[in-house]
Amino acid sequence: MSDDSPDSAQPSLLASVVAPVKTLLEEIGVLGDLAFRAVMWTVRPPYRFQLVIAQMEFVGVQSTFLVGLVGLFTGMVFAVQTVYGFRRFSAENMVGGVVALTLSREMAPVLTAIMVAARAGSGMAAELGNMRSSEQIDALETMAVNPVQYLIVPRMIAGIVMIPVLTLVFFLVGLGGAWLVGVKWLSLDPGIFFDRIKTMLAEADLRQGLLKSVVFGFAVTLIACRHGFFASGGAVGVGQATTRAVVWSVVGVFVLDYIITSMLTQV
Amino acid sequence: MTVEAHVVVEGLVKRYGDRTILHGVDLTIGRAETLVVIGGSGAGKSTLVRHLIALERPTAGRILIDGLDVAALSDVELAKARRRFGMVFQKYALFDSMTVFDNVAFPLREQTKLSEKEIRERAMTKLKELGVDHAATLTPAQISGGMAKRVGIARALVMEPELLIYDEPTSGLDPVTSRTVDQLIEEMRARFGVTSVVITHDMVSAFDIADRIAMLIKGRVVAQGTPAEILVVDNPDVQNFIRSSGVDPARFTQRVGRLSAEELAARVAERKRDAAG
């Protein structure tokens, strides 16, 4: 009898559909539990301000140059593309406003979160994963120090506070890049460039961008910490945890971006 | 003579998926007693001791410490209970981001209200006793494995806990330092009445410090008793383990053979009285 008969294929087909769904639900459960514990331990003393400041320095200050650099080139590329496209119907005067809108609502929060996931998220996952495999997290527990409070809470606070700040940096530097290309190199009128920014960019656009950045800050640090904190399998396991932390942080950012955008945008 | 029970393990079962690591372990550890757990790799020794300080939750069974079921405690209750425990980890578990001194001072800073001056004195005294005070300003990455082990021991001892668990405290140490560690384990018991659970493959150490020895094979306690009793226990696995340790069993007999089981019990009682006094 052939193994390819429909009877033998059916269970494996069902299993191949059910298994990823089950894994996804389990993952959401683990993340939800960790997020709940982190929130509970945030409000309980002792408050570890020094650890929070150290993490803000790691997540925020050390990422500023990188985020600024990506922001600059993103603004420059956008200016070139929009000038090229809008010239076809003589609408290049809209460039300033369009770049500002795109940066504030999408590009700044999304690309900033991705850059932080790649730089700080991977670092967090690797550090926590190493601490797990070398029993440092167990050592904290035996010394009556809650590892969620000591390790995860400072990182999450740093992410929630610093990713919005970095998003603002991305937005301003990006606008600068667009101005440089549009006004200085492609000879757009500077007055119209800024006027279109003022007329097209509403406070709600900035609010949406900042709200996204806060949610992304929470999600990126939570996912990075989750993969590092529960890493197993020595050096290989830590490497895999770091990869998963970055991949799932980036996927999480795009999924959350769609959810927030569809909730806040009336088309 | 009855020794007050400090730690009681009742029918401890641990499963990870389909794999059963511990098959109903029963143990009683008296107050101020040193229990040495021996057994081959993968026997479940580390899993057993991790349950004692609730780093693992049992699949079935209970662990009672001073009558308190540690697996049933809430996070906050467990944190309070753990202030009375200490553990020396097999892989040292020193915090990479801190200096040697800060590692040893860490539990004092977290769990006591001592001044920074008092913390410095206590931490440096402990580092000195272990002979690693000269490395106080270095980070764990800058010291050898043997030194890191001693720093880990200093960190566990600095809080003078009631229950101390040592996961292979002498592995990776030279013989002289190993005997120093044995003396420290003895001293902690004699001075502070500390109950100790020691996992070791070092049979010299086991027979030197143990009040009782428990042998674990494939997740089951196959023999337990005083060192003198273990030497003559009628179990081929135990005898094979002692022979395979590379040291002539006759030497162990000479080492503890001077004392009968009753004499050993009397020696333990004497130490308890000293500790209590």
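These notes cover the structure that comes with them. Owing to the predicted nature of the structure, the values given are computational and were not obtained by experimental measurement.

1. Thoughts on the packing of aromatic side chains
Here is step 1 of the chain: Enumeration over the complete set of coordinates arrives at six aromatic pairs over all chains.
Here is step 2 of the chain: Counting every residue linked through ring pairs, the aromatic cluster contains A:Tyr150, B:Phe95 and B:Phe106.
Here is step 3 of the chain: The ring of A:Trp41 carries A:Arg44 above its face, with NZ or CZ at 4.5 Å from the centroid.

2. Here we look at the side chain of B:Arg82
Here is step 1 of the chain: Position of B:Arg82 relative to the elements: it lies in helix H2 (residues 75-82).
Here is step 2 of the chain: Side-chain polar atoms of B:Arg82 contact the side chain of A:Glu141, separated by 3.3 Å.
Here is step 3 of the chain: Ignoring anything within four residues of it in the chain, the contact list for B:Arg82 reads A:Glu141, A:Thr142, A:Ala144, B:Ile53, B:Ala54 and B:Leu55.

3. Some thoughts on the packing of helix H4 (residues 95-133) of chain A against helix H9 (residues 234-264) of chain A
Residues and elements named next belong to chain A.
Here is step 1 of the chain: Where H4 meets H9, the axes come as close as 8 Å, and the angle between the chain directions of the two elements is 155 degrees. Taken together, H4 and H9 sit at an angle that is classed as roughly antiparallel. Crossing of H4 against H9: the hand is right-handed. Here Glu106, Val110, Ala113, Ile114, Ala117, Ala118, Ser122, Ala125, Ala126, Gly129, Asn130 and Ser133 of H4 come into contact with H9, specifically with Gly234, Val238, Ala241, Thr242, Ala245, Val246, Ser249, Val250, Val253, Phe254, Asp257 and Thr261.
Here is step 2 of the chain: In terms of residue class, the contact of H4 with H9 is made up of 14 nonpolar, eight polar and two charged.

4. Focus: the sheet that holds strand E6 (residues 85-88) of chain B
Residues and elements named next belong to chain B.
Here is step 1 of the chain: With mixed pairing, six strands are arranged side by side in an open sheet as E6-E7-E8-E3-E9-E10. Taken across any chain shown, the strands that pair with only one partner, and hence form the sheet edges, are E6 and strand E10 (220-225). In this sheet, adjacent strand axes meet at a mean angle of 15 degrees when their direction is disregarded.
Here is step 2 of the chain: Note that strand E3 (residues 34-38) and strand E9 (residues 212-217) share four bridges and pair parallel. Residue pairing for E9: Val37 is matched across the bridge by Ala214.

5. Some details on the layout of surface pockets
Here is step 1 of the chain: Estimates place the volume of the largest pocket at around 890 Å³.
Here is step 2 of the chain: Together, 38 residues line the largest pocket, and A:Glu141, A:Val145, A:Asn146, A:Pro147 and B:Arg82 are the ones closest to its centre.
Here is step 3 of the chain: Looking at the lining of the largest pocket, the elements that each hand over two or more residues are helix H1 (6-43), H4, helix H5 (136-142) and helix H6 (147-185) of chain A together with H2 and helix H3 (100-111) of chain B.
Here is step 4 of the chain: Residue contributions to the lining of the largest pocket peak at six residues, all from H2(B).

6. Here's the deal with a nonpolar patch on the surface
All names here are of chain A.
Here is step 1 of the chain: A contiguous nonpolar patch, built from Leu211, Val247, Trp248, Val251, Val255, Tyr258, Ile259, Met263 and Leu264 and spanning about 890 Å² of accessible area, is present on the exposed surface.
Here is step 2 of the chain: Examining the composition of the nonpolar patch, we find that eight residues originate from one element, H9, more than from any other.
Here is step 3 of the chain: Examined against the element boundaries, Ile259 turns out to sit in helix H9.
Here is step 4 of the chain: Residue classification places Ile259 among the partly exposed positions, given a relative accessible area of 38%.

7. Thoughts on the environment of B:Asp69
All names here are of chain B.
Here is step 1 of the chain: Topologically, Asp69 is positioned in strand E5 (residues 68-69).
Here is step 2 of the chain: For Asp69, a relative accessible area of 22% translates into the label partly exposed.
Here is step 3 of the chain: Sequence separation between Asp69 and Val8 is 61 residues, and the spatial gap between their C-alpha atoms is 9.4 Å.
Here is step 4 of the chain: Excluding residues within four positions of it along the chain, Asp69 makes contact with Arg62, Ile63 and Leu64.

8. Considerations on the interface of chain A and chain B
Here is step 1 of the chain: Listed by partner, the interface residues are 18 residues for chain A and 23 residues for chain B.
Here is step 2 of the chain: For the chain A and chain B pair, buried surface summed over both sides reaches about 1,700 Å², with 56% attributable to carbon and sulfur atoms.
Here is step 3 of the chain: Area buried by chain A at its contact with chain B is led by A:Glu135, A:Thr142 and A:Met143, which between them contribute 35% of it.
Here is step 4 of the chain: There are three salt bridges connecting chain A and chain B.
Here is step 5 of the chain: A:Arg48 is the salt-bridge partner of B:Glu110, the closest N and O atoms lying 2.9 Å from each other.
Here is step 6 of the chain: One can count eight residue pairs in polar contact (both at pLDDT 80 or more) joining chain A with chain B.
Here is step 7 of the chain: At the level of elements, H4 and H5 of chain A are the ones that each hand at least two residues to the side of chain A that touches chain B.
Here is step 8 of the chain: If you tally residues by element for the side of chain A that touches chain B, the top one is H5(A), at six residues.

9. Re the pattern of salt bridges
Here is step 1 of the chain: Applying the stated criterion across every chain, the model contains 28 salt bridges over all chains.
Here is step 2 of the chain: B:Glu56 is the salt-bridge partner of B:Arg50, the closest N and O atoms lying 3.2 Å from each other. Note on accessibility: B:Arg50 and B:Glu56 belong to one class, buried.
Here is step 3 of the chain: Look at the salt bridges and you will find they share partners, linking A:Arg132, A:Asp138, B:Lys14, B:Arg50 and B:Glu56 into a network.

10. Side note on unusual backbone geometry
Here is step 1 of the chain: Following A:Pro45, the chain continues into A:Pro46 via a peptide bond in cis, with omega recorded as 0 degrees.
Here is step 2 of the chain: Note that A:Pro46 resides in the loop between H1 and helix H2 (49-59).
Here is step 3 of the chain: The phi dihedral of B:Ala32 falls on the positive side, at around 65 degrees, and the residue is not glycine.
Here is step 4 of the chain: Its place among the elements puts B:Ala32 in the loop between strand E2 (19-30) and E3.
Here is step 5 of the chain: You can call B:Ala32 buried: its relative accessible area is 5%.

11. Some details on the sheet that holds strand E4 (residues 60-65) of chain B
Paired through backbone hydrogen bonds, the strands of a sheet run either parallel or antiparallel to each other.
Residues and elements named next belong to chain B.
Here is step 1 of the chain: Within the open sheet, the four strands sit side by side as E2-E1-E4-E5. Their pairing is antiparallel. With one partner strand each, in any of the chains shown, E2 and E5 form the two edges of the open sheet.
Here is step 2 of the chain: Across nine bridges, strand E1 (residues 5-16) lies against E2 in antiparallel orientation. Of the residues in E2, the one forming a bridge with Leu12 is Val25.
Here is step 3 of the chain: Helix H1 (residues 45-52) rests against E1, E2 and E4 of the sheet, and its axis sits at about 125 degrees to E1.

12. Describing the packing of H4(A) against helix H7 (residues 190-200) of chain A
Residues and elements named next belong to chain A.
Here is step 1 of the chain: Closest axis-to-axis distance for the H4/H7 pair is 6 Å, and the angle between their directions is 45 degrees. With respect to H7, the element H4 is oriented oblique. Where H4 crosses over H7, the two elements pack in a sense that is right-handed. In contact with Val95, Gly96, Gly97, Val98, Ala100 and Leu101 of H4, H7 contributes Phe193, Arg196, Ile197 and Met200.
Here is step 2 of the chain: For the contact of H4 with H7, the residue count by class is seven nonpolar, two polar and one charged.

Procedures and definitions
Residues numbered from 1 in each chain as written. Chains lettered and ligands numbered in written order. Predicted model: local features only at pLDDT ≥ 70, side-chain atom pairs only at ≥ 80, totals over all residues. Heavy atoms only, no water. Phe/Tyr/Trp six-rings, centres within 6.5 Å; stacked < 30°, edge-to-face > 60°. Lys NZ or Arg CZ within 6 Å of the ring centre and 35° of its normal. Helix = DSSP H or I, 4+ residues; strand = E, 2+ residues; numbered from the N terminus. Polar contact = N/O pair within 3.5 Å; in protein donor to acceptor, adjacent residues only side chain to side chain. Contact = heavy atoms within 4.5 Å. Axes fitted to C-alpha atoms, helices over the stretch in contact; angles between N-to-C directions. Parallel < 35°, antiparallel > 145°, perpendicular 65-115°, else oblique. Left-handed = near helix turned anticlockwise from the far one by under 90°. Nonpolar A, V, L, I, M, F, W, Y, C, P; charged D, E, K, R; others polar. Pairing = 2+ DSSP bridges. 1 Å grid on protein atoms, 1.4 Å probe; cavity = no way out; pocket = protein on both sides within 12 Å on 5 of 7 lines; lining within 4 Å. Points joined across faces, edges and corners; volume = space filled by probe spheres on them. Patch = residues over 30% accessible without salt bridge, like charges linked within 9 Å, V, L, I, M, F, W, Y side chains within 5 Å. Areas by Shrake-Rupley, 256 points an atom, 1.4 Å probe, with all protein chains shown as cover. Salt bridge = Lys/Arg side-chain N within 4 Å of Asp/Glu carboxyl O. Buried < 20%, exposed > 50% of the residue type's maximum accessible area, 1.4 Å probe, protein only. Buried area = accessible area lost by both parts, 1.4 Å probe.

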